[in-house]
Amino acid sequence: MVVCAGYDDALVLAGGLGASVFRHAVEESWLVRVDDTRVVRLTDHGRDALRPHLRLLNAALTTG
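Just so it is clear, the model here is predicted, and its values are computed rather than measured. (Residues numbered from 1 in each chain as written. Predicted model: local features only at pLDDT ≥ 70, side-chain atom pairs only at ≥ 80, totals over all residues. Heavy atoms only, no water.)

### A few points about the overall build of the protein
Heads up, the condition is: Under the DSSP-based scheme used, a helix requires at least four consecutive residues in state H or I and a strand at least two consecutive residues in state E, with every element numbered from the N terminus. Each residue gets one of three labels from its accessible area relative to the maximum for its type: buried under 20%, exposed over 50%, partly exposed in between, using a 1.4 Å probe on protein chains only. Should any heavy atoms of two residues lie within 4.5 Å, those residues are considered in contact. Reported accessibility uses the Shrake-Rupley method at a 1.4 Å probe radius. Residues are deemed covered only where the shown protein chains occlude them.
A count of helices and strands for the protein gives two helices and four strands. Traced from its N-terminal end to its C-terminal end, the protein shows the element sequence β-β-α-β-β-α. Sorting the 64 residues of the protein into buried and exposed places 16% on the buried side. For the protein, long-range pairs separated by at least 24 residues make up 0% of all intrachain contacts whose partners lie at least 6 apart in sequence. For the protein, the exposed area adds up to about 5,100 Å²; of that, 57% sits on carbon and sulfur atoms.

And the structure:
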C-alpha cells in the first residue's frame with residue numbers, strides 16, 4: 001500500500017488497496033463517473049457512507 005500527499009496535499013491511496021477502495025465506492029454508488037472522463041463525483045449516499053469511516057466534518061465531504 002502506498003499513501004502519499006497529492007499535488008494539493010490531499011492523501012492518496014495507491015496500488016491495489018486504492019484500486020479496491022475505488023472499485024467498491026463505484027459499485028456502491030458512492031462515486032459516479034462524469035460522462036466519459038476520469039472525473040468522479042461523490043454522491044450524497046457516498047458522503048453519508050464515508051463520513052463515519054473517515055471521521056470528517058460535513059464541510060470536508062462535499063458532493064457536487
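### Here we look at helix α2 (residues 44-54)
Gly-46, Arg-47 and Ala-49 are the residues of α2 that are buried. Residues of α2 that are buried sit in contact with β4 (40-42). Positive phi appears at Arg-55, one or two residues downstream of α2, with a value of about 55 degrees.

### Focus on helix α1 (residues 15-27)
As a reminder of what qualifies: Expected helix span is given by 1.5 Å per residue-to-residue step, counting one fewer step than there are residues.
Between the first and last C-alpha of α1 there are 18 Å, a value that for 13 residues agrees with the 18 Å anticipated at 1.5 Å per step. Two residues or fewer past α1, Ser-29 is found with a positive phi of approximately 65 degrees.

### Focus on the environment of Val-32
Mapped onto the secondary structure, Val-32 falls in strand β3 (residues 31-33). Taking the relative accessible area as the measure of exposure, Val-32 reaches 26% and is therefore partly exposed. Remark: the alpha-carbon pair of Val-32 and Gly-46, spanning 14 residues in sequence, is separated by 9.5 Å.

### Notes on unusual backbone geometry
One non-glycine residue, Ser-29, lies in the positive phi region at around 65 degrees. Within the fold, Ser-29 resides in the loop between α1 and β3. The partly exposed category is assigned to Ser-29, whose relative accessible area is 39%. The backbone of Asp-35 sits at a positive phi, close to 50 degrees, despite the residue not being glycine. Tracing the backbone shows Asp-35 in the loop between β3 and β4. Asp-35 gets classed as exposed once you look at its relative accessible area, which sits at 68%.

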